[in-house]
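Here is how the chains run, residue by residue.
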Amino acid sequence: AFDVLVIGGGPAGAAAAVYAARKGIRTGVAAERFGGQVLDTLAIENFISVPYTEGPKLAAALEQHVKDYSVDVMNLQRAEKLVPGKDMIEVQLANGATLKSKTVILSTGARWRQMNVPGEEQYRNKGVAYCPHCDGPLFKGKRVAVVGGGNSGVEAAIDLAGIVKHVTLIEFDSQLRADEVLQRKLRSLPNVRIIVSAQTTEVLGDGGKVTGLVYKDRAGGDTHRLELEGVFVQIGLLPNTEWLKGTVALSARGEIEVDAHGRTSVPGVFAAGDATTVPYKQIVIAMGEGSKAALSAFDHLIRTSAP
Ligand code: FAD
């Protein structure tokens, strides 16, 4: 049995594992894919103190740092069920095994909802982007579209308008769904065009990078083509918490509810990173939260465990 069992091996999980292991307690990490979203990222320019790195390189460094300690790393393992108990918490894996631990840190991250249109996957990281805080500066002076007119889409469009040459916001519905104050701000910007009732049907490219986007006017039925260099998809971030429904308290959006210490609604179960209600989904934030959850788990252990 473990003292601390971390579920998820992204930045949050890796940080939690290092912090737990450094307390000299039995630490394990079970991850479906060690590295997490970082593996799908190319340039990373906001990992503070490292001006430039690339996702796969950072993912390898995360794994190496964890393996420098005596951590039981179980990669390619998917957790399917959390069973709280008085002294021991159980985690059931897809392979049929059950892991037991005194505390558990949930750090299963999230995934961006995709449009599922031709060109989206092909041009991912080649003009198709999901994170304006991360990739906005790469499009300085260029033309971009933001797909999605909810709060995140409109916030992204406002943010990008200050960096890029021109932003086209594309919303499927007949009106934007963002808060009125954000819509007002967006409409005041000179280099933004808003198109509603528009369904994005294809991302165009030249084989190497994005060159445009095709959308269908849902009212008239015509198809239109926009020439641009970037497409930011902002149609939702889905936390990987489906397996926790009914066990730990989740927000309406499915995020694990945590307090300032990273505690969930279940004693002994902590959470960190993109899977939680903590705002702004970023690598440095996930790492800080993962470290915090491990320190909270340690604090829980010294208060509840027999010596
Ligand atoms: P994740 O990285 O999502 O890791 C989750 C982990 O949990 C993975 O190991 C996954 O396999 C595992 N997992 C999921 N479900 C289960 C399960 N049921 N059982 C076991 N394991 C499970 N942030 C920045 O700060 N800078 C950037 O430049 C940047 N660029 C980005 C570019 C892209 C394309 C994307 C997608 C994201 C980017 N981000 C960037 C965001 C950043 O990657 C995330 O904020 C960060 O990875 C979150 O870390 P996490 O550990 O919470 O979750």
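Residues numbered from 1 in each chain as written. Predicted model: local features only at pLDDT ≥ 70, side-chain atom pairs only at ≥ 80, totals over all residues. Heavy atoms only, no water.

### Focus on the sheet that holds strand S17 (residues 230–233)
Across a sheet, strands are paired by hydrogen bonds formed along the backbone, either parallel or antiparallel in direction.
Next, step 1: Spatially, the 5 strands line up as an open sheet ordered S10-S17-S11-S12-S13, and their pairing is parallel. Pairing within the sheet leaves two strands with one partner each, and these edge strands are strand S10 (128–129) and strand S13 (192–195).
Next, step 2: Contacting strand S11 (143–147), strand S12 (166–170), S13 and S17, helix H4 (residues 151–161) runs over the sheet at an angle of about 170° to S12. (Pairing = 2+ DSSP bridges. Helix = DSSP H or I, 4+ residues; strand = E, 2+ residues; numbered from the N terminus. Contact = heavy atoms within 4.5 Å. Axes fitted to C-alpha atoms, helices over the stretch in contact; angles between N-to-C directions.)

### Brief notes about the state of the cysteines
Next, step 1: Counting across every chain of the model gives 1 disulfide.
Next, step 2: Two residues share a disulfide in this structure: Cys131 and Cys134, whose sulfurs sit 2.1 Å from each other. A torsion of 60° about the S-S bond marks the disulfide between Cys131 and Cys134 as right-handed.
Next, step 3: On the accessibility criterion, Cys134 (26% relative accessible area) is partly exposed. (Disulfide = S-S within 2.5 Å. Buried < 20%, exposed > 50% of the residue type's maximum accessible area, 1.4 Å probe, protein only.)

### Some details on the packing of aromatic side chains
Next, step 1: With the rule as written, the count across this model stands at 2 aromatic pairs.
Next, step 2: Sitting over the face of the ring of Phe298, Lys23 holds its NZ or CZ atom 5.1 Å from the ring centroid.
Next, step 3: Above the face of the Phe172 ring, Arg218 is positioned so that its terminal group lies 3.7 Å from the ring centre. (Phe/Tyr/Trp six-rings, centres within 6.5 Å; stacked < 30°, edge-to-face > 60°. Lys NZ or Arg CZ within 6 Å of the ring centre and 35° of its normal.)

### A few points about the nonpolar core
Nonpolar side chains tend toward joint burial in soluble globular proteins.
Next, step 1: Core analysis: the largest hydrophobic core is formed by 32 residues, its most contacted members being Val4, Phe34, Val66, Ile105 and Ile283.
Next, step 2: If one sorts the elements of this core by residue count, helix H1 (residues 11–21) sits on top with 8 residues.
Next, step 3: Membership of the second largest hydrophobic core comes to 23 residues, among which are Val91, Leu99, Val266 and Val269. (Core = buried A, V, L, I, M, F, W, Y, C linked by side-chain atoms within 4.5 Å.)

### A closer look at the site of the ligand
Next, step 1: Residues in contact with the ligand amount to 35 residues; listed here are only the nearest, Arg33, Gln37, Asn46, Ala79 and Ile283.
Next, step 2: Take Gly9: an N or O atom from its main chain is 2.9 Å from an oxygen atom of the ligand.
Next, step 3: Contact distances for the ligand include 3.1 Å between a nitrogen atom and a backbone N or O atom of Glu32.
Next, step 4: For the ligand, the protein covers 97% of the area, taking 1000 Å² as the surface of the free molecule.
Next, step 5: Taken together, the elements giving at least two residues each to the shell around the ligand come down to H1, strand S2 (27–31), strand S3 (43–44), strand S9 (110–112) and helix H6 (283–304).
Next, step 6: Taken together, the residues of the shell around the ligand sort by class into 15 nonpolar, 14 polar and 6 charged. (Near = heavy atom within 4 Å. Polar contact = N/O pair within 3.5 Å; in protein donor to acceptor, adjacent residues only side chain to side chain. Areas by Shrake-Rupley, 256 points an atom, 1.4 Å probe, with all protein chains shown as cover. Nonpolar A, V, L, I, M, F, W, Y, C, P; charged D, E, K, R; others polar.)

### Topic: H1
Next, step 1: Burial analysis of H1 places 10 of its 11 residues in the buried class, which makes it a mostly covered element.
Next, step 2: Residues of H1 that are buried: Pro11, Ala12, Gly13, Ala14, Ala15, Ala16, Ala17, Val18, Ala20 and Ala21.
Next, step 3: Turning to H1, the residues buried within the fold contact strand S1 (2–7), S2, helix H2 (55–67), strand S5 (71–75), strand S8 (98–106) and H6.

### Digging into the environment of Gly153
Next, step 1: Here Gly153 lies in helix H4.
Next, step 2: A relative accessible area of 0% means that Gly153 is categorised as buried.
Next, step 3: Sequence-wise, Gly153 and Phe232 are 79 residues apart; in three dimensions their C-alpha atoms are separated by 8.4 Å.
Next, step 4: Residue contacts for Gly153: discarding those within four places in its chain leaves Val146, Gly148, Leu169 and Gln234.

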